[in-house]
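Residues per chain, in single letters:
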Number of protein chains: 4
Amino acid sequence: VEEPAPDALAFVVSKSRLEFLCDGIFAIAMTILVLELKVPELADRHSVAELAQALAHHGSTFFSYLLSFLVLGVMWYRQNEHYRHLRHITRAMLALHLAQLAAAAFFPFCAALFGRYPTNNLSMALYTGCVAVYTLASTAGWLVAERAGSISTQLSPVDRKRYRKRHLRRCAVVTCLFLFCLARALGS
Amino acid sequence: VEEPAPDALAFVVSKSRLEFLCDGIFAIAMTILVLELKVPELADRHSVAELAQALAHHGSTFFSYLLSFLVLGVMWYRQNEHYRHLRHITRAMLALHLAQLAAAAFFPFCAALFGRYPTNNLSMALYTGCVAVYTLASTAGWLVAERAGSISTQLSPVDRKRYRKRHLRRCAVVTCLFLFCLARALGS
Amino acid sequence: VEEPAPDALAFVVSKSRLEFLCDGIFAIAMTILVLELKVPELADRHSVAELAQALAHHGSTFFSYLLSFLVLGVMWYRQNEHYRHLRHITRAMLALHLAQLAAAAFFPFCAALFGRYPTNNLSMALYTGCVAVYTLASTAGWLVAERAGSISTQLSPVDRKRYRKRHLRRCAVVTCLFLFCLARALGS
Amino acid sequence: VEEPAPDALAFVVSKSRLEFLCDGIFAIAMTILVLELKVPELADRHSVAELAQALAHHGSTFFSYLLSFLVLGVMWYRQNEHYRHLRHITRAMLALHLAQLAAAAFFPFCAALFGRYPTNNLSMALYTGCVAVYTLASTAGWLVAERAGSISTQLSPVDRKRYRKRHLRRCAVVTCLFLFCLARALGS
């Protein structure tokens, strides 16, 4: 009788709260991208030409903003797609989710670096590297979920296989892209 | 049998999660507007007159804060109004939603630029341009939703038409305002 | 038949979404208070004494952080208390809510100013002024909700009266405090 | 009859809204950690070696980012674990929750300080001190909840005891770590 029920102190994390945390981190990462865009200092406050020139000078930062917003939007959508098939979250799955979120929260730094030094091969390597870490953690999360039996039974075995393949394909593409950028950076 | 069910891997995005992402991005954009307001450096820490003068010097930044908070508040309300009539989100609708959110998240930069250079015609053109992009993406989202049959059937055909007109009218107003500001910027 | 139903295009804002926006803005305002705390520059990276001195020099900023976190926490709680008795949100109520949120989102600037210049009477006046604007908007929101008949019928007339009195009392206290600080600032 | 019902104006805070506030603050604290990472200034924009060196120079900031993200992730999980057993929130519990959240929101500053001065004993003491404040507030929250009878009755008395022990054990570990770091800082 003194023996506690096995599951009262077991690992439990609410799916909806992890979802909030995740949506919150994506919303913030997407919004703080803008903090990298700085208001330029102008000699003549009224000069349209000077402001246009100052902004054009930082054109790559604006391009990086748009690209990075899109990348985070796609990451967010992929997380949604993946997450809705999970029935519960195990400790290993939470750890991999946190790794994913750490990569997503780190992304604004990569975006800022890439926006500032678009022609530096290392900043491109870091940018793709961050996406690669995200994708690897996400794929590992799916494989671990499959092993832990936490994939919804509504997903047929065939669909589960297709999902796994899709994950692995994306992982391969992103990793290749990263390795290519890394090789270019190391070679230069 | 080996053929997967057609919808298991189909595009699905939860309405409530997109709502969270959206509310999160608006909440953050509205709050980081304040980061543009800087504590001034004072020679005499106790001087009320010096602090008042320093703050008055940045009066346009405070005005821009209030105006931009209001603009984002109205955008948020419009998104609400629009969103509650949607039944589901298609891929094109998600893409347009992300475009809307990218404009909303970009808005704090426009607000900062306008607060700093209120008399520069280009900053006014960028400010109204950002609102125009938001409004165009929102209107396009409504038209696409109508085509995709994702508008709630609770909305009568007459109301649907009125909504569409309202969207198009707003779009026209905002686009004209932007073109006027752009023309002024190009002409100066 | 061609006449649209009167309420299909009427003003509607979801209570739960306004709640999300509100909780989001409070969470962000509470967290970006920390951005005002800056890592000091040290001549000797290893010196405990130098770091302690540098941090002690900014003691008022730390005090302002704690005080402002508490003030925002109390504001958040008050908003909760008030909000759960509302049945629906009218246009005027939304406008007053946005005014409340604009004051809450502006608060980190007041906290930064007060932390930097605690002995400047104007920064104290702005700090209390921001709280006063928040409280006035909140009280006005309650009175407008009463007029619009949007207070829950579960609240008895007597309780409603007590709530109103509570609101008015707080308003009076905060306004007096602000006027006192303002008078001190103007007199110095 | 004129006497108001005792509970109409009583202290009530919605469990789900405190949850949102909490998830929001954690999401933001985790994401603004990245703002401490600064894009370095390069003499040669194309030089991979210079960028690599500049980033390596700030290696401890990257390490602090990862460690602090993990610490906040664990704090978030612990809050989840604790929170789901609560039935309602009393005034004292809300106050302790706000203390917890103030520590979590303060954490990015500690992370920035530790990342910048990893070898300074005081920054280590502040870092562990912030974790200790969080843990103490969390443990006090649990003990207060037990006294207030707000722990779910689904938790058996034995499990409740084990939870309390777990809380106290963590508290002891974290406090010892903090005292050790503090002693080192004071001794140096």
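Residues numbered from 1 in each chain as written. Chains lettered and ligands numbered in written order. Predicted model: local features only at pLDDT ≥ 70, side-chain atom pairs only at ≥ 80, totals over all residues. Heavy atoms only, no water.

Section: the overall build of chain A
Thinking step 1. Broken down by element type, chain A carries six helices and zero strands.
Thinking step 2. The linear arrangement of helices and strands in chain A, starting from the amino end, is α-α-α-α-α-α.
Thinking step 3. Rg of the C-alpha trace for chain A: 21 Å, well past the compact-globule value of 16 Å for 188 residues, more than 25% over.
Thinking step 4. Over its C-alpha atoms, taken along the principal directions, chain A stretches across nearly 80 × 40 × 30 Å.
Thinking step 5. Across the 188 residues that make up chain A, the buried fraction comes to 55%.
Thinking step 6. When the accessible area of chain A is evaluated, it comes to approximately 8200 Å², of which 64% is carbon and sulfur surface.
Thinking step 7. Averaging the locations of the 19 positively and 12 negatively charged side chains of chain A gives two centres separated by 12 Å. (Helix = DSSP H or I, 4+ residues; strand = E, 2+ residues; numbered from the N terminus. Rg over C-alpha atoms; globule rule 2.2 N^0.38 Å. Buried < 20%, exposed > 50% of the residue type's maximum accessible area, 1.4 Å probe, protein only. Areas by Shrake-Rupley, 256 points an atom, 1.4 Å probe, with all protein chains shown as cover. Lys, Arg positive; Asp, Glu negative; His and termini not counted. Charge placed at Lys NZ, Arg CZ, Asp CG, Glu CD.)

Re the packing of helix α3 (residues 59–83) of chain D against helix α4 (residues 91–116) of chain D
In helix packing, the relevant descriptors are the interaxial angle and the interaxial distance, both defined with respect to the helix axes.
All names here are of chain D.
Thinking step 1. Contact pair α3 / α4: the axes reach a minimum separation of 8 Å and the direction vectors enclose 165 degrees. As summarised for this structure, α3 and α4 are arranged roughly antiparallel, according to the angle between their axes. By crossing handedness, the relation of α3 to α4 is classed as right-handed. On the side of α3, the interface is formed by S60, T61, F63, S64, L67, S68, V71, L72, Q79 and Y83, while α4 contributes H97, Q100, A104, F107, A111, F114, G115 and R116.
Thinking step 2. For the contact of α3 with α4, the per-class residue count stands at nine nonpolar, eight polar and one charged. (Axes fitted to C-alpha atoms, helices over the stretch in contact; angles between N-to-C directions. Parallel < 35°, antiparallel > 145°, perpendicular 65-115°, else oblique. Left-handed = near helix turned anticlockwise from the far one by under 90°. Contact = heavy atoms within 4.5 Å. Nonpolar A, V, L, I, M, F, W, Y, C, P; charged D, E, K, R; others polar.)

Considering the relation of the copies chain D and chain C
Thinking step 1. Superposition record for chain D on chain C: RMSD 0.0 Å, screw rotation 90 degrees, translation along axis 0.0 Å. With respect to symmetry, the two chain copies, as superposed, fit the operation of a four-fold axis.
Thinking step 2. Little of the interface of chain D is mirrored in chain C: 7% of its interface residues are interface residues there too. (Least-squares fit on C-alpha atoms with pLDDT ≥ 70 in both.)

A word on the environment of C:E36
Thinking step 1. Position of C:E36 among the secondary structure elements: in the loop between α1 (15–32) and α2 (48–57).
Thinking step 2. Between the C-alpha atom of C:E36 and that of C:R116, which follows or precedes it by 80 residues, the distance is 9.3 Å.
Thinking step 3. Ignoring sequence-local partners within four residues, the contact set of C:E36 consists of B:V39, C:T61 and C:A112.

Quick notes on the confidence of the model for chain A
Residue and element names in this part refer to chain A.
Thinking step 1. On average, residues of chain A score 91 in pLDDT, and 95% of them are at 70 or above.
Thinking step 2. This model gives residues 1–6 a pLDDT under 50, and the stretch forms five contacts once residues within four places in sequence are excluded.
Thinking step 3. Interface confidence for the predicted complex, expressed as ipTM, amounts to 0.90; the pTM equals 0.93. (pLDDT = per-residue confidence, 0-100.)

Observations concerning the environment of B:A111
Residues and elements named next belong to chain B.
Thinking step 1. For A111, the location among the structural elements is in helix α4 (residues 91–116).
Thinking step 2. By relative accessible area, which is 5% here, A111 ends up buried.
Thinking step 3. Between the C-alpha atom of A111 and that of F11, which follows or precedes it by 100 residues, the distance is 35 Å.
Thinking step 4. In this structure A111 touches L33, S64, S68 and Y127, once residues within four positions along its chain are discounted.

Examining the side chain of A:S68
All names here are of chain A.
Thinking step 1. Relative to the helices and strands, S68 resides in helix α3 (residues 59–83).
Thinking step 2. At 2.6 Å, the side chain of S68 forms a polar contact with the backbone oxygen of S64.
Thinking step 3. Not counting chain neighbours up to four residues away, the residues in contact with S68 comprise L33, F107, A111 and Y127. (Polar contact = N/O pair within 3.5 Å; in protein donor to acceptor, adjacent residues only side chain to side chain.)

Section: the packing of α3(D) against helix α5 (residues 121–147) of chain D
All names here are of chain D.
Thinking step 1. Running from N to C, α3 and α5 point in directions that differ by 5 degrees, and their axes come no closer than 11 Å. Put simply, α3 runs roughly parallel to α5. Across the interface between the two elements, S64, L67, S68, V71, M75, Q79 and H82 from α3 touch Y127, V131, Y134, S138, G141 and W142 from α5.
Thinking step 2. Looking at the contact of α3 with α5, its residues break down into seven nonpolar, six polar and no charged.

Concerning the packing of aromatic side chains
Thinking step 1. For the structure shown, the criterion picks out 44 aromatic pairs over all chains.
Thinking step 2. Here the aromatic rings of A:F20 and D:F20 are separated by 4.8 Å at their centres, their planes lie at 75 degrees, and the arrangement is edge-to-face. Here A:F20, found in helix α1 (residues 15–32), pairs with D:F20, found in helix α1 (residues 15–32), and the two come from separate chains.
Thinking step 3. Overall, A:F20 belongs to the buried group, its relative accessible area being 16%.
Thinking step 4. Through pairs of rings, three or more aromatic residues link up here, namely A:F62, A:Y65, A:F69, B:F106 and B:F109.
Thinking step 5. Above the ring of A:Y163, the side-chain terminus of A:R166 is found at 5.5 Å from the ring centroid.
Thinking step 6. Over the aromatic face of B:Y83 sits the side chain of B:K15, whose NZ or CZ is 4.8 Å from the ring centroid. (Phe/Tyr/Trp six-rings, centres within 6.5 Å; stacked < 30°, edge-to-face > 60°. Lys NZ or Arg CZ within 6 Å of the ring centre and 35° of its normal.)

Examining the interface of chain D and chain C
Thinking step 1. With 42 residues of chain D at the interface, the matching set in chain C holds 41 residues.
Thinking step 2. Across the chain D/chain C interface, buried area totals approximately 3700 Å², and carbon plus sulfur atoms make up 68% of it.
Thinking step 3. Counting every contact that joins chain D to chain C gives three salt bridges.
Thinking step 4. A salt bridge links D:R116 to C:E41; the nearest nitrogen and oxygen atoms lie 2.4 Å apart.
Thinking step 5. Remark: the boundary between chain D and chain C carries 11 residue pairs in polar contact (both at pLDDT 80 or more).
Thinking step 6. Elements supplying a minimum of two residues to the side of chain D that touches chain C: α1, α4 and α5 of chain D.
Thinking step 7. When residues in the side of chain D that touches chain C are grouped by element, the largest group, 11 residues, is from α4(D).
Thinking step 8. Its residues assigned to classes, the side of chain D that touches chain C comprises 31 nonpolar, seven polar and four charged. (Buried area = accessible area lost by both parts, 1.4 Å probe. Salt bridge = Lys/Arg side-chain N within 4 Å of Asp/Glu carboxyl O.)

Re the nonpolar core
Thinking step 1. In this structure, A:F26, B:F26, C:F26 and D:F26 are the most contacted members of the largest nonpolar core, which totals 250 residues.
Thinking step 2. With residues up to four places along the chain from it excluded, the contact list for B:F26 reads B:L72, B:M75, B:W76, B:L101, B:A104, B:Y134 and C:L21. (Core = buried A, V, L, I, M, F, W, Y, C linked by side-chain atoms within 4.5 Å.)

Overview of the interface of chain D and chain A
Thinking step 1. At the interface, 41 residues of chain D touch 42 residues of chain A.
Thinking step 2. In this assembly, chain D packs against chain A so that about 3700 Å² is buried in total across both faces, 68% of it on carbon and sulfur atoms.
Thinking step 3. There are three salt bridges connecting chain D and chain A.
Thinking step 4. Where chain D touches chain A, the interface holds 11 residue pairs in polar contact (both at pLDDT 80 or more).
Thinking step 5. Those elements that place two or more of their residues in the side of chain D that touches chain A are α1, α2 (48–57), α3 and α6 (157–187) of chain D.
Thinking step 6. Residue classes in the side of chain D that touches chain A are distributed as 25 nonpolar, seven polar and nine charged.

Details of the arrangement of the chains
Thinking step 1. Here chain A and chain C are not in contact; the least distance found between their C-alpha atoms is 9 Å.
Thinking step 2. Spatially, chain B is disjoint from chain D: no contact exists, and the shortest C-alpha separation is 9 Å.

Quick word on helix α2 (residues 48–57) of chain B
Thinking step 1. Among the residues making up α2(B), those that are buried are B:V48, B:L51, B:A54 and B:L55. One face of α2(B) carries all of its buried residues, which in axial projection span an arc of 130 degrees. Turned more than 90 degrees away from the buried face of α2(B), the exposed residues are B:A49, B:Q53, B:A56 and B:H57.
Thinking step 2. Looking at the buried side of α2(B), the elements it contacts are α3 (59–83) of chain B together with α4 (91–116), α5 (121–147) and α6 (157–187) of chain C. (Arc of directions from axis to C-beta.)

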